[in-house]
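# Commentary on secondary and tertiary structure
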Amino acid sequence: MPREVRERQMLDAAVVGFARHGYQAASMDEIAEQAGVSKPLVYLYLKSKEDLFTACLRRERAALVEAVRGGTQERRVSAEQQLWKGLCAFFAHTAARPDGWAMLHRAATQGEPFADEVAGMRAEITELVRLLLSRAAEDAGCDSEFAEREVSGLAHAMVGAAESLAEWANAREGDAPSAKETAATLMNFCWTGLGRMTEGARWSPHR
């Protein structure tokens, strides 16, 4: 069997093991058994448990970022439609690969260097969202001060909300909403508010 096929089997098994048990509790014996290989072969290919975990993180990170970018690549549509398609792609991907998403989400609490991998993924997606929100603000005729003051924070808030919603949707099991339903929930929550802000409306606390 070609090395790349064997290695993919190991990574597939490891993602499931790490997602279900976490980094510390995941068993290399169980991962090897699920991959259909010997434990020494896992170590021969991927050196250590830390290297195996890092390889899984990087693979899942790259796949998720690629999915989101692919959803936003249609340049002939509005920023709103690009964002909608990107969110649909995000939720479709996290639903189709729940173990990969669970591993990424959990890795954020595992400390360096694992948290850095997730932070890098989040930064890539947040910057993509920020660019789309900036474009939407410009299309709405907002001044540059609005874009500079508000858009970066809104992008971070939207990405954080998307991550939380992905966890919520995947936990619903048999009652899980579709990717489009989850994306619509977030668009209703965020985009409607953004539209009001571009019109100059602001919430303020009651005094």
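Everything below is about the structure shown above.
What comes next concerns the included structure. (Residues numbered from 1 in each chain as written. Predicted model: local features only at pLDDT ≥ 70, side-chain atom pairs only at ≥ 80, totals over all residues. Heavy atoms only, no water.)

## Digging into the environment of T182
Mapped onto the elements of the fold, T182 is located in helix α9 (residues 179–198). For the pair T182 and L87, spaced 95 residues apart in the sequence, the C-alpha separation amounts to 8.6 Å. In this structure T182 touches F91, L165, A169 and P177, once residues within four positions along its chain are discounted. (Helix = DSSP H or I, 4+ residues; strand = E, 2+ residues; numbered from the N terminus. Contact = heavy atoms within 4.5 Å.)

## Comments concerning the environment of F189
Take F189: it is sitting in helix α9. We classify F189 as exposed; its relative accessible area is 64%. Considered as a pair, F189 and A161 are 28 residues apart in the sequence and their alpha carbons are 9.6 Å apart. (Buried < 20%, exposed > 50% of the residue type's maximum accessible area, 1.4 Å probe, protein only.)

## Structural notes on helix α4 (residues 49–71)
Spanning 23 residues, α4 covers 33 Å between terminal C-alpha atoms, matching the ideal 33 Å at 1.5 Å per step. Those residues of α4 that fall on the buried side of the exposure criterion are K49, L52, F53, T54, C56, L57, E60, A63, L64, V65, V68 and G71. Where α4 is buried, its residues contact α1 (3–25), α2 (28–35), α3 (39–46), α5 (79–96), α6 (98–107) and α7 (114–139). (Expected span 1.5 Å × (residues − 1).)

## Observations regarding the pattern of salt bridges
If you walk through the whole model with that rule in mind, you get 10 salt bridges. A salt bridge links R59 to D12, with the nearest nitrogen and oxygen atoms 2.9 Å apart. Within this pair, whereas R59 is found in helix α4, its partner D12 is found in helix α1, the two being separated by 47 residues in sequence. The exposure class assigned to D12 is partly exposed, which follows from its relative accessible area of 37%. Measuring nitrogen to oxygen at the nearest pair gives 2.9 Å for the salt bridge that ties R61 to E124. With a gap of 63 residues between them, R61 in helix α4 and E124 in helix α7 connect regions that are remote in the sequence. Each of D12, R59, E60 and R97 takes part in salt bridges that share partners, so that together they form one network. (Salt bridge = Lys/Arg side-chain N within 4 Å of Asp/Glu carboxyl O.)

## So, the packing of aromatic side chains
Applying the stated criterion to the full structure yields seven aromatic pairs. Pairing Y23 with F114 gives two aromatic rings, centres 4.9 Å apart and planes at 55 degrees, and the pair type is tilted. With a gap of 91 residues between them, Y23 in helix α1 and F114 in helix α7 connect regions that are remote in the sequence. Comparing Y23 with F114 shows no difference in burial state: the two are buried. Between F90 and F91, the aromatic rings sit 5.1 Å apart at their centres with planes inclined by 80 degrees, giving edge-to-face as the arrangement. With respect to burial, F90 and F91 carry one shared label: buried. In this structure an aromatic cluster arises from ring pairing among F18, Y23, F53 and F114. (Phe/Tyr/Trp six-rings, centres within 6.5 Å; stacked < 30°, edge-to-face > 60°.)

## Observations concerning the nonpolar core
As a rule of thumb, nonpolar side chains are buried together in soluble globular proteins. One finds F18, L52, L83 and F91 to be the most contacted residues of the largest nonpolar core, which totals 56 residues. It is α7 that provides the largest number of residues to this core, a total of 10 residues. Beyond its immediate stretch of four places on either side in the chain, L83 contacts V129, L132, L133, M158, M187 and W191. (Core = buried A, V, L, I, M, F, W, Y, C linked by side-chain atoms within 4.5 Å.)

## Description of α3
The complete set of buried residues in α3 reads V42, Y45 and L46. Considered in projection along α3, the buried side chains sweep an arc of 75 degrees and stay on one side of the axis. Those residues of α3 that are exposed and angled more than 90 degrees off the buried face are P40 and L44. Turning to α3, the residues buried within the fold contact α1, α2 and α4. Of the residues one or two after α3, K47 is the one with positive phi, at around 70 degrees. (Arc of directions from axis to C-beta.)

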